[in-house]
Amino acid sequence: HVPRTMHAMVDPPSSDAARLRAVKRHVWGTRHRFVATCAIGLEDLLEAEVAALPTASDVARGTGGVRFEGPLDAAMAALVRLRVAESLRVELLGEAAAATYPMLHDHLTRVRWALWLPPRCAVAVRVRSTKSRVRDDAGIERSARQAWRAQGVADDVADGPMLTVHVRLHRDRVTVALDLGGALHRRTGGKWVTATTVRETTAAALARLADVAAHDLVLDPFCGSGTLVTEARALALGTPARTGGVPFESSPAWPAGRFAHALRMARAAASDDHTTTTRWHARDADPEAVAVARRNLEAIGAGEVDLAAERAQHLDLAALVARSGAQRPLLLANPPYGKGSDAVGADPDALVADLLGRAGGWSFALLYPRPDAVAALPRVRVHHVREVVTGGLRNAMVVGSVEAAA
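Since this is a predicted model, take the numbers as computed values, not measurements.

Calculation rules
- For every chain, the first residue of the written sequence is number 1, and numbering continues from 1 along that sequence.
- Selection of residues for local features in this predicted model requires a pLDDT of at least 70, selection of side-chain atom pairs for listing and counting requires 80 or more, and totals for whole chains, interfaces and linings are taken over all residues.
- In computing side-chain properties, one takes all heavy atoms of the structure into account and sets aside hydrogens as well as water.
- Strands here mean DSSP runs of E at least two residues long; helices mean DSSP runs of H or I at least four residues long; both are numbered from the N terminus.
- Every radius of gyration here is taken over C-alpha atoms, with the globule rule written as 2.2 Å times N^0.38, N being the number of residues.
- Here the term buried applies to any residue with accessible area under 20% of the maximum for its type, exposed to any over 50%, and partly exposed to those in between, with areas from a 1.4 Å probe on protein chains only.
- Between two residues, a contact is recorded if the distance between any of their heavy atoms is within 4.5 Å.
- Only the protein chains shown count as covering a residue, and every accessible area follows the Shrake-Rupley method with a 1.4 Å probe.
- Lys and Arg are tallied as positive, Asp and Glu as negative. Neither His nor the chain termini are counted.
- Each charge is placed at NZ for Lys, CZ for Arg, CG for Asp and CD for Glu.
- Axis definition: a line fit to C-alpha positions, over the contact stretch in the case of helices; interaxial angles, taken between N-to-C directions, run 0 to 180 degrees.
- By definition, turning the near helix anticlockwise from the far helix through less than a right angle yields a left-handed crossing, and turning it clockwise yields a right-handed one.
- Residue type decides the class: Asp, Glu, Lys and Arg count as charged, Ala, Val, Leu, Ile, Met, Phe, Trp, Tyr, Cys and Pro as nonpolar, and the leftover types, Gly among them, as polar.
- The method works on a 1 Å grid over the protein atoms by themselves. A cavity is a set of points holding a 1.4 Å probe that cannot get out, a pocket is an open set with protein on both sides within 12 Å along at least five of seven lines, and residues with an atom within 4 Å of a point line them.
- Grid points are joined across faces, edges and corners, and a volume is the space filled by probe spheres set on the points.
- A carboxyl oxygen of Asp or Glu within 4 Å of a side-chain nitrogen of Lys or Arg is what we treat as a salt bridge.
- Whenever a nitrogen or oxygen atom comes within 3.5 Å of another N or O atom, the pair is scored as a polar contact, on the condition that within protein one atom can donate a hydrogen and the other can accept it, and that pairs from neighbouring residues in sequence are kept only if both atoms are in side chains.
- What pLDDT reports is the predictor's confidence in each residue, on a scale of 0 through 100.
- Two strands qualify as a pair provided DSSP detects at least 2 bridges between them.

Draft legend 1. Structural view of the overall build of the chain. Each helix and strand counted, the chain has 14 helices and 14 strands in total. The C-alpha radius of gyration of the chain comes to 24 Å, within 12% of the 22 Å expected for a compact globule of 406 residues. In terms of principal-axis extent, the alpha carbons of the chain reach across some 75 × 45 × 40 Å. Looking at the chain as a whole, 53% of its 406 residues are labelled buried. Within the chain, residue pairs in contact and separated by at least 24 positions form 77% of the contacts whose partners lie at least 6 positions apart. Summed over all atoms, the accessible surface of the chain reaches about 18200 Å², with 51% contributed by carbon and sulfur. On the chain, the mean spot of the 50 positive side-chain charges and the mean spot of the 44 negative ones are 6 Å from each other.

Draft legend 2. Here's a closer look at the packing of helix H4 (residues 101–109) against helix H6 (residues 137–149). Contact geometry of H4 with H6 gives a least axis separation of 9 Å together with a crossing angle of 35°. H6 is crossed by H4, and the crossing has right-handed handedness. In this structure, H4 uses Tyr101, Leu104, His105, Leu108 and Thr109 to contact H6, whose residues at the interface are Gly139, Ile140, Ser143, Ala144, Gln146 and Ala147. Taken together, the residues that form the contact of H4 with H6 break down as six nonpolar, five polar and no charged.

Draft legend 3. Spotlight on the layout of surface pockets. Computed from the structure, the second largest pocket encloses a volume of approximately 740 Å³. Each residue belonging to the lining of the second largest pocket can be placed in one class, and the counts come to five nonpolar, 10 polar and 10 charged.

Draft legend 4. Structural detail: the side chain of Asp216. One can find Asp216 in the loop between helix H7 (200–210) and strand E8 (217–220). For the buried Asp216, which has no salt bridge, the nearest side chain bearing the opposite charge is Arg328, at an N-O separation of 4.1 Å. A polar contact of 2.7 Å, which involves the side chain of Asp216, links it to the backbone nitrogen of Gln327. Asp216 has contacts with Thr277, Thr278, Arg279, Ala326, Gln327, Arg328 and Pro329, leaving out every residue within four places of it along the chain.

Draft legend 5. Spatial organisation of the confidence of the model for the chain. Chain-level statistics for the chain give a pLDDT mean of 92 and a share of 93% at 70 or above. This model gives residues 1–7 a pLDDT under 50, and the stretch forms 18 contacts once residues within four places in sequence are excluded.

Draft legend 6. View of the pairing of strand E13 (residues 380–390). Looking at chain direction, E13 and strand E14 (residues 393–402) are connected through 10 bridges and run antiparallel. Paired with Val380 across the strands is Val402, a residue of E14. The turn linking E13 back onto E14 is made up of two residues, and Gly391 within it adopts a positive phi angle of 60°.

Draft legend 7. Focus on the pairing of strand E4 (residues 87–97). E4 sits mainly inside the fold: eight of its 11 residues count as buried. The pairing of strand E1 (residues 32–37) with E4 spans four bridges and is antiparallel. Residue pairing across strands places Thr37 opposite Ser87, the latter belonging to E4. Inspection of the sheet shows E4 paired to strand E7 (residues 173–179) by six bridges, in the antiparallel sense. For Val90, the partnering residue across the bridge sits in E7 and is Leu178.

Draft legend 8. Broad picture of the pattern of salt bridges. Summed over all chains, the structure comprises 21 salt bridges. Notably, a salt bridge pairs Arg208 with Glu49, separated by 2.7 Å at the nearest N-O pair. A residue pair is termed long-range when its members are at least 10 positions apart, and Arg208 in helix H7 and Glu49 in helix H2 (residues 43–51) qualify at 159 residues. Its relative accessible area of 33% is what places Arg208 among the partly exposed residues. We note a salt bridge from Arg358 to Asp354, for which the minimum N-O separation is 2.8 Å. With relative accessibility at 27%, the residue Arg358 sits in the partly exposed group. For Asp354, a relative accessible area of 32% puts it in the partly exposed group. One continuous salt-bridge network, built from bridges that share partners, spans Arg33, Arg67, Glu69 and Glu91.

Okay, structure coming up:
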């Protein structure tokens, strides 16, 4: 059972030792409710990832996210393994009645802030109030800051670690959550990007829908910074989604040993359960994009990816299959459209039609906003269309195959 509210007013720990004892009891030694968010349209993929986490239970899918319960170990595994999640939060206060400011203030002061927030830090507060009588965002944020400052947390340290607290009111009930992972779509801090770089979480979702592990050749003909092939390769190999660098590491409640254990378990599972002989190929018409992709692939030790500057219109797909002896080739692509298509000087639909027209015997998974145009092409069979909202924009994931020419 996860308690939905705290039961008593709390005082700040009197010493570091007292704080550690309290962390062991109230954070490491209890169960929590977590929320993992994702792009709208990808909830079922995220739900499957969460359900596979060790110690996660009561998994429930909602619009734009998945809730689950478990010990803090479940969150450590989530940080390491979730590839589709955009954020991971732990609820510090769950759906408590807050029809007035005194009620809100009372609940906020009962959260054990000093166990979750560093004594000196910077805190961003994200407020959302809907259908509630308490709806002044500035006043709600002020109440939250007063609550943790009363427990000895200095939240105005400009050079301190940055954490984010979410305060949500809906129908006069308040929920408070702490963001554990930050922007989870940023796998590493040193990645180079291009103007057409797709989010890692979106790329991972497309790779999952394509079932990349079932293919022996994967080609991204519009690779940009290499995100699609990077995520597809990582998914096939079962490598961890991230190895650290999350905001929660600055918290007094950060369980370094437990995170290290989650990382070891994920790597062990990858070595035991994931082997691949897939050949990886990436192409782009822009030599500068290829240089960026090469830098990113070298940084993760993906030297086996065959990377070159080449226009999609010039690719000899049949020759590529023949050279590799592939039986199950896959086109995994984010074709240019909008301003991206202007840059390559081609009509988007014509570019996709030309590529798929030469892809007899190939499967494909495209991030493309016009699935009907893909389905209308000769010899093309669309098996699945997934409408998604990524970065506030509507798009679609189109998965299918091309019949071999007679």
